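Structural overview
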Amino acid sequence: GQHRSNDLRTDNSPLQIFVKAKKKINDIFVEIDDYVQDAVGFMHSLRDDRDIVNTQEAETIESYVYKVHAIRDVLKRDHMKVAFFGRTSNGKSTVINAMLRDKILPSGIGHTTNCFLQVEGSDNGESYLITEGSTEKQPVQSVGQLGHALCKEKLCESHLVRIFWPREKCLLLRDDVVFVDSPGVDVTPNLDEWIDKHCLDADVFVLVANAESTLMVTEKNFFHKVSTKLSKPNIFILNNRWDASASEPEFFDQVRAQHQERAVDFLSKELKVYTPKDAEERVFFISAKETLQARLQEQRGQPAHNGALADGFQNRYFEFQDFERKFEECISKSAVKTKFEQHSQRGKHIAMEIRSTLDEILERTQKMRSSQLTVKKEVHDKLNFTEQQLMLLTQEMKDKIHRMVEDVEQRVSKALNE
Ligand code: GDP
């Protein structure tokens, strides 16, 4: 049944690359946090002895406490973000619903998305929305209610409404994928504002095109603008409404070849984000409407289709799944790189700074000891004690930090290579 296939998908979903890397880097930062706290505690215990630890050293190490906390906060919230663009009514909301396997976003006539809608996972099973500039959680139970809530708000087209949906209802949400639906690129003069506000941190862009017409200048323009602000954005092109081709089988191959060629040219020759060969892998012919219907049927324990669907349904359904797989691979790798690489470098830097400070303190104590061999016994004992403590602690810290730095490095490069 559905449950079993869901479980299987969980285990080998490419999203796990991100999920595991996120867990690892979060765990590593818990350790780094511990080591920083240890080091601060140790320096405090020597604070009265200004000859051993100087104020600046203590302050530097203390400042890492805040830095590490700030990084941990960011890391906890890190996610993978995919943004959908295309002309109004090409089926952006339907594609998102099909991927989420549920009618979450309102779609269809009378439900034109007139602002940005972001769907993300909520903890503790709640569903609600938050409009931009507010912190109030407005509960939503159904699509109808959501559509209504969105209509009654006076929303500006570049505003963002965040929709929180229970994580456990969808694997993509559970694995920290965040979906952004946009108003049609045909209705706005504010593409620059859109891009600055909503696109700069997107890991993947999906252009939902209409297979019943050709790629529009407005759609192309949007991506031209995106690629001036982001180097090599990850882009997928979905030729949606491909079910319409079933009614004209005599033109099927020809139409498909033409769309394919134009999309590949657009990605490779115009935007120059892929080679023609790689671009081939980024173009899909799908029907979001059929896929959504099929998935809703399957969840009710019924067959994916009841025979009333257009010819070629199975192929379009497979192609949708193929898109999802490549999408998952692409987004998880991209997010690991953009989100974790920098932080792991910082973590390494902090660990190394602490190590060198502790080394300096140790060296200083040893020097002091040899130059003060003649001082009174109590001072001598005190120094001796401090030194012993230092030896123990620094050796332990050194080992730990050394292992940790190597560990961080290994895990990160492994995650990045996967
Ligand atoms: P959006 O404005 O881009 O978000 O478009 P919607 O998702 O709201 O879809 C607009 C209309 O097109 C709705 O009535 C959908 O049911 C319909 N639609 C979406 N995808 C398909 C598809 O693959 N095939 C067909 N025949 N209709 C679709």
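What you are looking at is a predicted structure, and each value in this text was computed from that prediction instead of being measured.

What counts, and where the lines are drawn
Note on numbering: residues in each chain are counted from 1, in written sequence order. Reporting in this predicted model follows two pLDDT cut-offs: at least 70 for local features of residues, and 80 or more for side-chain atom pairs to be given and counted; totals over whole chains, interfaces and linings ignore these cut-offs and use all residues. Side-chain calculation: all heavy atoms of the structure are included, whereas hydrogens and water are not. Here a strand is any run of E in DSSP of at least two residues, a helix any run of H or I of at least four, and the numbering for each starts at the N terminus. The length a helix should cover is 1.5 Å for every residue beyond the first. The buried label applies to any residue whose accessible area, calculated with a 1.4 Å probe on protein chains only, is under 20% of its type's maximum; exposed applies above 50%, and partly exposed to all values in between. When checking whether two residues touch, look at their non-hydrogen atoms; a contact exists if any pair is within 4.5 Å. For this description, a residue counts as near a given molecule or strand if any of its non-hydrogen atoms is within 4 Å of it. Here a polar contact is taken to be a pair of N or O atoms separated by no more than 3.5 Å, where protein atoms must pair a possible hydrogen donor with a possible acceptor and residues adjacent in sequence count only if both atoms sit in side chains. Accessible areas in this description were obtained via Shrake-Rupley with a 1.4 Å probe; residue shielding takes into account the shown protein chains only. Amino acid classes used here: Ala, Val, Leu, Ile, Met, Phe, Trp, Tyr, Cys and Pro are nonpolar; Asp, Glu, Lys and Arg are charged; the rest, including Gly, are polar. Each reported salt bridge corresponds to a side-chain nitrogen of Lys or Arg within 4 Å of a carboxyl oxygen of Asp or Glu. Each pair of strands is called paired provided DSSP finds at least two bridges between the two strands. Each axis is a line fitted through C-alpha atoms, and for a helix only the stretch in contact is used; angles between axes span 0 to 180 degrees, taken between their N-to-C directions. Should an angle fall under 35 degrees it is called roughly parallel, over 145 degrees roughly antiparallel, and 65 to 115 degrees roughly perpendicular, with every other angle called oblique. Should the near helix be turned anticlockwise from the far one by less than a right angle, the crossing is left-handed, and should it be turned clockwise, the crossing is right-handed. Here, the arc refers to the directions that run from the helix axis to the C-beta atoms.

The next thing to look at is helix H9 (residues 252–270). Owing to its 3.6 residues per turn, the α-helix aligns residues three or four sequence positions apart on the same side. If you check H9, its first and last C-alpha atoms are 26 Å apart, about what 19 residues at 1.5 Å a residue would give, namely 27 Å. Here H9 has its buried residues at His259, Gln260, Ala263, Val264, Phe266, Leu267 and Ser268. Looking at the buried residues of H9, the elements they touch are helix H8 (217–229), strand E8 (235–240), helix H10 (276–280) and strand E9 (283–285). Within two residues after H9, Lys272 carries a phi angle of roughly 55 degrees, on the positive side.

Looking at the ligand, there are 16 residues lining it, with Ser89, Lys92, Ser93, Thr94 and Arg241 nearest. Here Ser89 contributes a backbone N or O atom positioned 2.8 Å from an oxygen atom of the ligand. The backbone of Lys289 places a nitrogen or oxygen atom 3.4 Å from an oxygen atom of the ligand. Relative to its unbound accessible surface of 580 Å², the ligand loses 85% to contact with the protein. Here the shell around the ligand takes three residues from helix H4 (residues 92–100), the largest share from any one element. Residue composition of the shell around the ligand, grouped by class: one nonpolar, ten polar and five charged.

Going through the model one piece at a time under the given rule, you end up with 26 salt bridges. Across the pair Asp73 and Lys76 runs a salt bridge whose closest N-O atoms are separated by 3.7 Å. Separated by three residues within a single helix, Asp73 and Lys76 lie in helix H3 (residues 55–77), roughly one turn from each other. Judged by relative accessible area, which is 40%, Asp73 ranks as partly exposed. Where Glu126 meets Lys137, a salt bridge forms, and the shortest distance between an N and an O atom there is 3.6 Å. Taken together, the positions of Glu126 in the loop between strand E2 (116–122) and strand E3 (128–131) and Lys137 in the loop between E3 and strand E4 (138–139) put the pair eleven residues apart, joining distant regions of the chain. Its relative accessible area of 44% is what places Lys137 among the partly exposed residues.

Before going further, it helps to examine the pairing of E3. Residues in a regular strand project their side chains so that they alternate between the two faces of the sheet. Of the two faces of E3, the one lined by Tyr128 and Ile130 and the one lined by Leu129 and Thr131 are each fully buried. In this structure, E3 lies alongside E4, joined through two bridges in antiparallel fashion. Bridging across to E4, Tyr128 finds its partner in Pro139. Counted along the chain from E3 to the antiparallel partner E4, the turn is six residues long, and its residue Gly133 has a positive phi close to 85 degrees. Bridge analysis of E3 against strand E5 (residues 160–166) gives four bridges, and the strand direction is antiparallel. Paired with Thr131 across the bridge in E5 is Val161.

Here the focus is the packing of H3 against helix H12 (residues 313–371). Interaxial distance between H3 and H12 falls to 11 Å at its minimum, and their mutual angle equals 160 degrees. With respect to each other, H3 and H12 are oriented roughly antiparallel. Where H3 crosses over H12, the two elements pack in a sense that is left-handed. Counting all contacts with H3, which are made through Glu57, Ile61, Tyr64, Val68, Ile71, Val74 and Leu75, the residues of H12 involved are Phe340, His343, Arg346, Ile350, Glu353, Ile354, Thr357, Glu360, Ile361 and Arg364. Looking at the contact of H3 with H12, its residues break down into ten nonpolar, two polar and five charged.

Attention now goes to helix H7 (residues 191–199). Buried residues of H7: Leu191, Trp194, Ile195, His198 and Cys199, and no others. For H7, the arc enclosing every buried residue in end-on projection is 105 degrees, short of the 170-degree limit, so these residues lie on one face. Of the surrounding secondary structure, the elements contacted by the buried residues of H7 are strand E1 (80–85), E2, E5, strand E7 (204–210) and H8.

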